[in-house]
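Here's the letter readout for the chains.
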Amino acid sequence: MQDYRSLLSDYRIDIRDDLTYTRTITLEYQVMTPAGAEALQKYHYSYFSENESLKVLEASITSPDGKVIPVENDNIYEQDLGGRDQERRSREVVVIFSQLTPGSVIRLKFDHEVNKKSPMGFNMALQPELELEQKKIYATILLPEKTPLKWGHRGDFTVKESKKGKRKELVVTMENFPYQERELHMVSTDDVLPMFAITSLKSWQEIGQIYYQSSQDRQHDSEEIRALATEITQGAKSPREEAVSIYNWVAQNINYLSLSFNLEDMLVPHPVEDILRHGYGDCKDQALLLQTLLKARGIVSKPALVSWSNSYKDWPVATSMQFNHVLLYVPQLKTWLNPVSPLSPFGLLDYSLSGKRVVLATPEGETEFLPAMKPGQNSYRVENQSELFKNGFLKGETSITGTGIVGEQVRELLASSGSGEWKASNLLSATLIGGFGNIQQGTPAYDLTRQPSYQGIWHSPHAFQLGREGYITTAPGLDFKDVMALRAYLVDGKRKFPFTVGPRNYHWEHRMTLPENYRVVRLPDNLQVDNEAGSYTSHYRVDGNELVVTRQIVIKKNLYQADEYPEFEELAYLAINDRRSIIALRRR
């Protein structure tokens, strides 16, 4: 049962010719459970005081018996969230709805005034929430007389146009949107839910043009920049080596930190000298500094706006709201850079950036698509050498290597807090055989020039019970990407929504020396399956007194449609069940 539901979301929006606007918003929610009462007791809405103002017009509670109780003034207040100075500040209006019970209805009405145009003009979207029943979503939008806007919608929204004097009015509605549960690893709700979007932007290219123009004065060719670029690239013998050195320096010396205190902070990078002085910045700041340092060495690059999320579908109109991240493209090297993590090497992009539309910030504005990631770019290899004793004691050594996203995850493990013993024992505690161990060595986590890897030892005092007969499985050792993790992608029956996995190529080799007085009497069948989702192979053999098991799984792509799920499900269950396969031993 859901904890609360939305009875009304009503937006009255008056857009002026200069693209400033006023929104009057009315919200009504009904409490369904005690947990819903707790969730709805505090409503907060933030805004930028330099560009915006907010005023609560009405706040009330209707009790289950129909009595309307206004919210006391003491329970409506503002708080300062901080800022650069007295002008540029982030503030928040808070409304407390006290003594809610199941059946209560809260009502809130407020005016939101935006008195300065955003660098990207006017952009707005309406969309229901997935895990919330919504009775009515209603928007009345009064369009400017002289400034043209574009709009589009998909799904169950209806849009009606009419004349309002010299202006045009849009009425956007959707009713009776049902509660729907989220699926594991599904795409962003932006891709699957109804949406209405409206914008003053004419095209994707205009987004790139605006970003280019608004960020030009933030990039300066100074003596400090040239000296720093020269120092960073000492010893580099080619433009690529120079670019790698500069990328590594930015990724590992400029901490990611996002601070926004006005509309410009959200859409325009800070001046490059401020980024250097503070030693931190968000994605657009890091991309700008990287671009400036590359330029000082004669390497041209272009900022690229993208959606770094599980959203893969374009919005109904070309709007800046589709994008939440900035990369940097180096045409000379045909390489996309994402310098936000000190553990992410040159040219590595996340799974959720695979194949995405990007808008390049250039004088003309350009659109491109990021390359689709392939399985071989994210490889993982596990080598386990273990020995089983007749009392069930198992000890072993593990070697792990990774590339691409998996390599970054290896670095994250090595960089995380805790000793090698703590990390190893933590990995082993989650396995069926348990045990204890120590990660004895690994590549330095922040050395982006070396392939990430680690090695360690481990033991499980009571891994298996061996009598006249014994039944064992392969032990994962210090494997941190056990194929059993694929269970998290499986659902009961059909999928409703597309889902993401991440292309990968994983390989395991297990070698187990058996007790001399035991022999293998049954091995699982070897497997070899290849379908549209990927492939899986396993091979079992006995070499003298050593059991040798090899397995490999390939996930072909990142994004799967709902009707592709049966192929993925077949592959995942095959791998999971094979991982749990039993090897039978008998005492000689």
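Scroll up to find the structure.
1. Observations concerning the overall build of the protein chain
Part 1 of the argument: When its secondary structure is counted, the protein chain shows 10 helices and 34 strands.
Part 2 of the argument: Along the three orthogonal principal directions, the C-alpha set of the protein chain runs to about 95 × 70 × 45 Å.
Part 3 of the argument: Split into buried and exposed, the 588 residues of the protein chain put 52% on the buried side.
Part 4 of the argument: Residue pairs in contact within the protein chain that sit at least 24 positions apart in sequence constitute 74% of those at least 6 positions apart.
Part 5 of the argument: Per element, the accessible surface of the protein chain, about 27000 Å² overall, is 47% carbon and sulfur.
Part 6 of the argument: Positive and negative side-chain charges in the protein chain, numbering 67 and 75 respectively, have mean positions lying 3 Å apart.

2. A word on the nonpolar core
Part 1 of the argument: Within the largest apolar cluster, 54 residues are counted, with the highest numbers of intra-cluster contacts made by Leu394, Ile472, Leu486, Ile553, Phe568 and Leu585.
Part 2 of the argument: If one sorts the elements of this core by residue count, helix H10 (residues 565-579) sits on top with 6 residues.
Part 3 of the argument: Ile25, Leu100, Leu132 and Phe157 belong to the second largest nonpolar core, which has 47 residues in total.

3. Notes on helix H7 (residues 283-296)
Part 1 of the argument: Between its terminal C-alpha atoms H7 stretches 20 Å, which fits the 20 Å expected from 14 residues at 1.5 Å a residue.
Part 2 of the argument: Among the residues of H7, Cys283, Lys284, Asp285, Gln286, Ala287, Leu288, Leu289, Leu290, Gln291, Thr292, Leu293 and Leu294 are the ones counted as buried.
Part 3 of the argument: Phi turns positive one or two residues past the end of H7, at Gly298, with a value near 80 degrees.

4. With respect to the packing of aromatic side chains
Part 1 of the argument: Under the criterion given, the structure shown has 17 aromatic pairs.
Part 2 of the argument: Between Tyr21 and Phe122, the aromatic rings sit 4.9 Å apart at their centres with planes inclined by 90 degrees, giving edge-to-face as the arrangement. Of this pair, Tyr21 sits in strand E2 (residues 21-31) while Phe122 sits in the loop between strand E8 (105-114) and strand E9 (123-126); the two residues are 101 residues apart in sequence, bridging distant segments of the chain.
Part 3 of the argument: Owing to a relative accessible area of 15%, Tyr21 belongs among the buried residues under this scheme.
Part 4 of the argument: For Phe122, a relative accessible area of 1% corresponds to the buried category.
Part 5 of the argument: With 5.5 Å between their ring centres and 65 degrees between their planes, Phe499 and Phe568 make a pair best called edge-to-face. Here the residue Phe499 occupies a position in strand E27 (residues 499-500), and Phe568 occupies one in helix H10, the gap between them amounting to 69 residues. Like Phe568, Phe499 is buried.
Part 6 of the argument: Geometry around Tyr312 places Lys356 over its ring, the cationic atom sitting 4.6 Å from the centre.

Basis of the calculations
Residues numbered from 1 in each chain as written. Predicted model: local features only at pLDDT ≥ 70, side-chain atom pairs only at ≥ 80, totals over all residues. Heavy atoms only, no water. Helix = DSSP H or I, 4+ residues; strand = E, 2+ residues; numbered from the N terminus. Buried < 20%, exposed > 50% of the residue type's maximum accessible area, 1.4 Å probe, protein only. Contact = heavy atoms within 4.5 Å. Areas by Shrake-Rupley, 256 points an atom, 1.4 Å probe, with all protein chains shown as cover. Lys, Arg positive; Asp, Glu negative; His and termini not counted. Charge placed at Lys NZ, Arg CZ, Asp CG, Glu CD. Core = buried A, V, L, I, M, F, W, Y, C linked by side-chain atoms within 4.5 Å. Expected span 1.5 Å × (residues − 1). Phe/Tyr/Trp six-rings, centres within 6.5 Å; stacked < 30°, edge-to-face > 60°. Lys NZ or Arg CZ within 6 Å of the ring centre and 35° of its normal.

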